[in-house]
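# Chain and residue survey
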Amino acid sequence: MKRLEQKLCLVTGAARGIGAAISQKFMAEGATVILSDIDDDAVRQTARNCGGIPFHLDVSQEADWDRLAIEYPRVDVVVNNAGITGFENGIMAHDPEHAELDDWHAVHRVNTDGTFLGCRYAIRAMRAAGAGSIINISSRSGLVGIPTAAAYAASKAAIRNHTKTVALYCAQQGLNIRCNSIHPAAILTPMWEPMLGDGPDRAARMANFVADTPMKRFGTVEEVAAMALLLATDEAAYMTGAELVMDGGLLAGSAATPEQA
């Protein structure tokens, strides 16, 4: 029997990148997956490629979640993956001195509000069965400060903390609804493209971004999907409120060897 046989799963931000990889991994393990995104054409194409159910969902809009709840009132796994950095349209000021309030709010509407609404939907949709798994995609940036991406770092830190709140609330309610967060660092996804570019210096830019990472490479979407699969299965039945860091050893400390005297 496959690990997610007879499970209905929702993945937000599923059109590409980490969301698409998680959707594909879940379906390979027997799940029925609702692939949601605001990019209708892209999510329909991804759904055609892997056999999922496309659904238009702007995670920042409560009305969209209400519509989802009417169509899918029961679910077994929810992956709150949809998120933005604030740099989708190019480099702009996101430091704590020069960032515009509207730009700050734009990031939080998707990342923070979207995760809150996704968790709320999940609890309500899992309550009847009394069990389920909520997986929130945070970031390494939610564990440390990022001077030039203040809104993104703050939103991902909020996701980390809200994950623990949801986990404790569900346990307090006597529900076997688990909520855990994954904290990827540099995972090579389309989100990185505005920063990497496609010019002759792309390789140098890539190397520069992971220069401080002990493993000296970007992570892959398949590696994140494998972690999400574990959390979605009953194999992780005693894990809730946990945070799983995937950063190539970045937060473990320095990989440098002290010079011998």
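Let me begin by describing the structure that accompanies this report. Position numbers for residues count from 1 along each chain, tracking the sequence in the order it is written. Thresholds applied to this predicted model are a pLDDT of at least 70 for local features of residues and 80 or more for the giving and counting of side-chain atom pairs; totals over whole chains, interfaces and linings are not thresholded and use all residues. Note that the side-chain values use all heavy atoms of the structure and ignore hydrogens as well as water.

## Here we look at the overall build of the protein
Put simply, DSSP marks the helices as runs of H or I at least four residues long and the strands as runs of E at least two long, and each gets a number from the N terminus on. A tally of regular secondary structure across the protein gives eight helices and seven strands. With C-alpha atoms as the basis for the radius of gyration, the globule rule is written as 2.2 Å multiplied by the number of residues raised to the power 0.38. Relative to the 2.2 N^0.38 estimate, which gives 18 Å for 261 residues, the radius of gyration of the protein is 18 Å and therefore close to what a compact globule would have. Taken along the three principal axes of its C-alpha coordinates, the protein extends 60 × 45 × 35 Å. Only protein chains enter the accessibility calculation, which uses a 1.4 Å probe. A residue is then buried if its area is under 20% of the maximum for its type, exposed if over 50%, and partly exposed in between. Looking at the 261 residues of the protein, the share that counts as buried comes to 46%. Methods summary: accessible areas were calculated by the Shrake-Rupley approach with a probe of 1.4 Å, and residue burial reflects only the protein chains presented. Total accessible area on the protein stands at roughly 12,800 Å², and carbon and sulfur atoms take up 53% of it.

## Describing the pattern of salt bridges
Between Lys or Arg on one side and Asp or Glu on the other, a salt bridge is scored when a side-chain nitrogen of the former is within 4 Å of a carboxyl oxygen of the latter. Taken as a whole, this structure holds nine salt bridges when the rule is applied. When the shortest N-O distance is used, the salt bridge between Asp 39 and Arg 16 registers 2.9 Å. Of this pair, Asp 39 sits in the loop between strand 2 (32-37) and helix 2 (40-50) while Arg 16 sits in the loop between strand 1 (8-12) and helix 1 (17-28), placing them 23 residues apart in sequence. Residue class for Asp 39 comes out partly exposed when judged on its relative accessible area of 28%. Each of Arg 160, Lys 164 and Glu 243 takes part in a single network of salt bridges with overlapping partners.

## Brief notes about the sheet that holds strand 6 (residues 176-184)
Strand pairing requires that DSSP identify at least two bridges connecting the strands. If you walk across this open sheet you meet the seven strands as 3-2-1-4-5-6-7, and the pairing is parallel. Two strands close off the open sheet at either side, each with one partner strand: strand 3 (53-56) and strand 7 (243-246). Taking each pair of neighbouring strands and ignoring which way they run, the sheet shows an average axis angle of 20 degrees. The sheet contact formed by strand 5 (residues 131-137) and strand 6 spans seven bridges and is parallel. In the sheet register, Ser 133 faces strand 6, and the bridge partner there is Arg 178. In what follows, a contact means two residues having at least one pair of non-hydrogen atoms within 4.5 Å. Every angle, taken between N-to-C directions, lies between 0 and 180 degrees, and every axis is a line fitted to C-alpha atoms, over only the stretch in contact when it is a helix. Packed onto the sheet, helix 3 (residues 62-71) meets strand 1, strand 3 and strand 4 (77-80) and runs at close to 145 degrees relative to strand 3. Helix 5 (residues 150-172) contacts strand 5, strand 6 and strand 7 of the sheet and is inclined by roughly 165 degrees relative to strand 6.

## Section: the nonpolar core
Note on terminology: a nonpolar core comprises buried Ala, Val, Leu, Ile, Met, Phe, Trp, Tyr and Cys residues joined through side-chain atoms within 4.5 Å. Counting 31 residues, the largest nonpolar core has Ile 22, Phe 26, Val 33, Val 79, Ile 135 and Ile 182 as the members making the most contacts within it. Listed by contribution, the elements that provide at least two residues to this core are strand 1, helix 1, strand 2, helix 2, strand 4, strand 5, helix 8 (221-232) and strand 7. It is helix 8 that contributes the most residues to this core, seven residues altogether. Residues Leu 68, Leu 117, Cys 170 and Cys 179 belong to the second largest nonpolar core, which totals 27 residues.

## Quick notes on helix 2
Here helix 2 has its buried residues at Ala 42, Val 43, Thr 46 and Ala 47. The buried residues of helix 2 occupy an angular sector of 135 degrees when projected down its axis, which confines them to one face. For helix 2, the exposed residues set more than 90 degrees away from the buried face come down to Asp 41, Arg 48 and Asn 49. By construction, the arc corresponds to the directions joining the helix axis to the C-beta atoms.

## Re the pairing of strand 4
Side chains of strand 4 alternate between two faces, with Val 77 and Val 79 and Val 78 and Asn 80 buried alike. Examined bridge by bridge, strand 1 and strand 4 share three bridges and lie parallel to one another. By the bridge assignment, Cys 9 is partnered in strand 4 with Val 77. With helix 4 (residues 101-126) bridging strand 4 and its parallel neighbour strand 5, the resulting β-α-β unit is right-handed. Whether a crossover is right-handed depends on one test, that the path from the first strand over the helix to the second runs clockwise when the strands point away from the viewer.

## Concerning the packing of helix 4 against helix 5
A pair of packed helices is captured by two measures, namely the crossing angle of their axes and the spacing between those axes. Running from N to C, helix 4 and helix 5 point in directions that differ by 15 degrees, and their axes come no closer than 9 Å. Judged by the angle between their axes, helix 4 and helix 5 are roughly parallel. Where helix 4 crosses over helix 5, the handedness of that crossing is right-handed. Across the interface between the two elements, Trp 104, Val 107, His 108, Asn 111, Thr 112, Thr 115, Phe 116, Cys 119 and Ile 123 of helix 4 pack against Ala 150, Ala 151, Tyr 152, Ala 154, Ser 155, Lys 156, Ala 158, Ile 159, His 162, Val 166, Tyr 169 and Cys 170 of helix 5. The class makeup of the residues in the contact of helix 4 with helix 5 is 14 nonpolar, six polar and one charged. Our angle categories are set so that under 35 degrees counts as roughly parallel, over 145 as roughly antiparallel, 65 to 115 as roughly perpendicular, and the remainder as oblique. Left-handed describes a crossing whose near helix is turned anticlockwise from the far helix by less than a right angle; the clockwise case is right-handed. When residue character is reported, Ala, Val, Leu, Ile, Met, Phe, Trp, Tyr, Cys and Pro are called nonpolar, Asp, Glu, Lys and Arg charged, and the others, Gly included, polar.

## Quick notes on the state of the cysteines
By definition, a disulfide links the sulfur atoms of two cysteines through a covalent bond. Disulfides are defined as cysteine sulfur pairs within 2.5 Å. For the coordinates displayed, the defined rule picks out zero disulfides. Left without a disulfide partner, Cys 119 is nearest to the cysteine sulfur of Cys 179, which lies 4.6 Å away.

## Some details on the side chain of Thr 163
Within the secondary structure layout, Thr 163 lies in helix 5. We classify Thr 163 as buried; its relative accessible area is 0%. N or O atoms closer than or at 3.5 Å make up a polar contact, with two conditions inside protein: a donor-capable atom paired with an acceptor-capable one, and, for residues adjacent in sequence, both atoms drawn from side chains. There is a polar contact of 2.7 Å between the side chain of Thr 163 and the backbone oxygen of Ile 159. Excluding residues within four positions of it along the chain, Thr 163 makes contact with Asn 136, Cys 179, Asn 180 and Ser 181.

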